[in-house]
Amino acid sequence: MAQQEEVFKKIVSHCKEYGFVFPSSDIYDGLGAVYDYGQNGVELKNNIKQYWWQSMVLLHENIVGIDAAIFMHPTTWKASGHVDAFNDPLIDNRDSKKRYRADVLIEDQIAKYDDKIEKEVEKAAKRFKDQFNEEQYRATSPKVLELVEKRDALHKRFQEVMNAEGGIDLEGMKQIILDEEIVCPISGTRNWTDVRQFNLMFKTEMGAAAEGASTIYLRPETAQGIFVNYLNVQKTGRMKLPFGIAQIGKAFRNEIVARQFIFRMREFEQMEMQFFIKPGTELDWFAKWKETRMRWHQNLGFGAENYRFHDHDKLAHYANAATDIEFHMPFGFKEVEGIHSRTNFDLGQHAKYSGKKIEYFDPETNESYTPYVIETSIGVDRMFLSIMCHSYEEQQLPDGQTRTVLHLPAALAPVKLAVFPLTKKDGMPEKAQEIINDLRFHFNCKYEEKDQIGKRYRRMDAIGCPYCVTVDQQTLVDNTVTLRDRDTMEQRRVAISELRGIIEDKVSITSLLKNLL
Ligand code: ATP
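These numbers were taken from a predicted model, which means no experiment stands behind them.

Novice: Outline the sheet that holds strand S9 (residues 243–252), supporting the account with residue identities and numerical values.
Specialist: Taken together, seven strands build an open sheet; the order of strands is S3-S9-S10-S16-S13-S12-S11 and the sheet is mixed. The open sheet has two edge strands with one neighbour each: strand S3 (63–65) and strand S11 (307–311). Put simply, the sheet's adjacent strands are angled 25° from each other on average, direction ignored. Two elements, strand S10 (residues 267–277) and strand S16 (residues 372–379), share eight bridges in a ladder whose sense is antiparallel. Among the inter-strand pairings, Met273 is bridged to a residue of S16, identified as Thr376. Here helix H2 (residues 39–58) sits on the sheet in contact with S3, S9, S10 and S16, set at roughly 160° to S9.

Right under this line is the structure:
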């Protein structure tokens, strides 16, 4: 684990050093859990968004997109339940003045028991070597059994307070923190305040105060922009059920504990699709969207073993099925996307609060009803992070050197082709520019003439550029160049006229989309 943390730290610094992700307002020492995307990051992010958007809107005739405003009528959030229930339980330590999520403190404590159990097992494995029978040890070691009992009891108590009648039992939560003797990691003390609910929505004012300014919220999810536009899109697009509405946009949550770089941010971006269906068909559609979304992820070639579903046992009162797609990050399997069967809850609530009839007239059965919804909801930034984590490698080369390379899927790479003149003489730079001028309309190209070729290759490896081309003396004679592959580092001689044909197919989003059909 410690090694994985080390790798994660390196990925975070790599993101900054190579223009992928910077802390927001960096010259003022950053702003908590807010980040900016740099010159390479924005290209990668745009490519991720394109891959998602096209897989939804181009590949499905019955899915259309919208782009709703971030500000919405405040009643939206009353209807959706966010004003009353989009809360996290928080607790402060009076000595360090640090604020924590009470549920996270308890989850960390459970994880500590798990760690202790694993350490016991590892120690025994070392001690008994070949004689070690892990199953038997886990079932009989008094130390392990005692830790498992404590862990399970804590887990049970935690479940009880989280699922108490009428919402989370805040006093019960504090009692657990006291009983478990959980200390503040900064002050080391147990001087805790009571646990309080904290609403995660950011508020602001619209209009000048004199005119009667009203409180509005920065949207905490993009989904509601889709629900409130259901009628507009269904009518103007003459959409027939089943159909979907897709949207990519910013969302804002005042996360109490923002951790792990761009995994949990206060301003982030979501790609959400609400699929409107006939009531009664939701479990079939839920299964279908689970499969479709998992294929989309696995299509990037990171290996099926790095993904898993985490089906929810506890469902929100309006949902009748929910799962997360988790990806193997350096800090464990973590949610990247949620897929939820939300029944007719949201449309029903908006109908109630707006007084509008939000229904679908089914021409096949001649009846009107409120459609059910399957939602797929993925965070662009978490997707970005998972791609970075999986692509980053410090590779040992046969000559004893190491190179840092990002094995980004070629279709997502910020720069697809780098063109280098071997030297700055004999018309090589001009020839290199000529190649770029020809290819720049088809994919993102970069020109580099500084430093030795080896160094230029390394710089391109570090930003995940899949192909490099070098213009040399021979080019000037026969119009051929060396084409170098990022992953294999192999170089081959090809005619300039062939470059587009060789590269374009491999680096286009279409190449990814074709596998999804
Ligand atoms: P978590 O349990 O990690 O807080 P969530 O279940 O609240 O996430 P959803 O409300 O289902 O998340 O949001 C859908 C997706 O939006 C998540 O799968 C994730 O990719 C992304 N997302 C949610 N919150 C954040 C955040 N604070 N920073 C970055 N991405 C986020």
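Novice: Quick one: what's the story with the site of the ligand, residue by residue and with numbers?
Specialist: Close contacts around the ligand come from 15 residues, with Glu255, Arg264, Met265, Glu335 and Val336 the closest. Between the ligand and Phe263 there is a distance of 3.4 Å, counted from a nitrogen atom to a backbone nitrogen or oxygen. One nitrogen or oxygen atom from the main chain of Gly379 is found 3.0 Å from an oxygen atom belonging to the ligand. Within the complex, 82% of the 590 Å² of free accessible area of the ligand lies under protein. Listing elements by their share of the shell around the ligand, those giving two or more residues are S10, strand S13 (332–341) and S16. At five residues, the largest contribution of residues to the shell around the ligand is made by S13. Taken together, the residues that form the shell around the ligand break down as four nonpolar, five polar and six charged.

Novice: Tell me about the packing of aromatic side chains, residues and numbers included.
Specialist: Within the structure shown, the criterion is met by 20 aromatic pairs. Three or more aromatic residues link up through ring pairs in this structure, and these residues are Phe227, Tyr230, Phe243 and Phe276. Here the basic side chain of Lys288 rests over the ring of Trp289, its NZ or CZ set 5.8 Å away from the ring centre. The cationic tip of Arg293 hangs over the ring face of Trp296; the distance from NZ or CZ to the ring centre is 4.3 Å.

Novice: Would you mind going over the packing of helix H7 (residues 142–162) against helix H8 (residues 170–179) in detail, with residue names and values included?
Specialist: Running from amino to carboxyl end, H7 crosses H8 at an angle of 160°, the nearest separation of the two axes being 9 Å. Comparing the axis directions of H7 and H8 gives the class roughly antiparallel. The crossing of H7 and H8 is left-handed. On the side of H7, the interface is formed by Leu154, Arg157, Phe158, Val161 and Met162, while H8 contributes Gly172, Met173, Gln175, Ile176 and Asp179.

So, how was this worked out
Residues numbered from 1 in each chain as written. Predicted model: local features only at pLDDT ≥ 70, side-chain atom pairs only at ≥ 80, totals over all residues. Heavy atoms only, no water. Pairing = 2+ DSSP bridges. Helix = DSSP H or I, 4+ residues; strand = E, 2+ residues; numbered from the N terminus. Axes fitted to C-alpha atoms, helices over the stretch in contact; angles between N-to-C directions. Contact = heavy atoms within 4.5 Å. Near = heavy atom within 4 Å. Polar contact = N/O pair within 3.5 Å; in protein donor to acceptor, adjacent residues only side chain to side chain. Areas by Shrake-Rupley, 256 points an atom, 1.4 Å probe, with all protein chains shown as cover. Nonpolar A, V, L, I, M, F, W, Y, C, P; charged D, E, K, R; others polar. Phe/Tyr/Trp six-rings, centres within 6.5 Å; stacked < 30°, edge-to-face > 60°. Lys NZ or Arg CZ within 6 Å of the ring centre and 35° of its normal. Parallel < 35°, antiparallel > 145°, perpendicular 65-115°, else oblique. Left-handed = near helix turned anticlockwise from the far one by under 90°.

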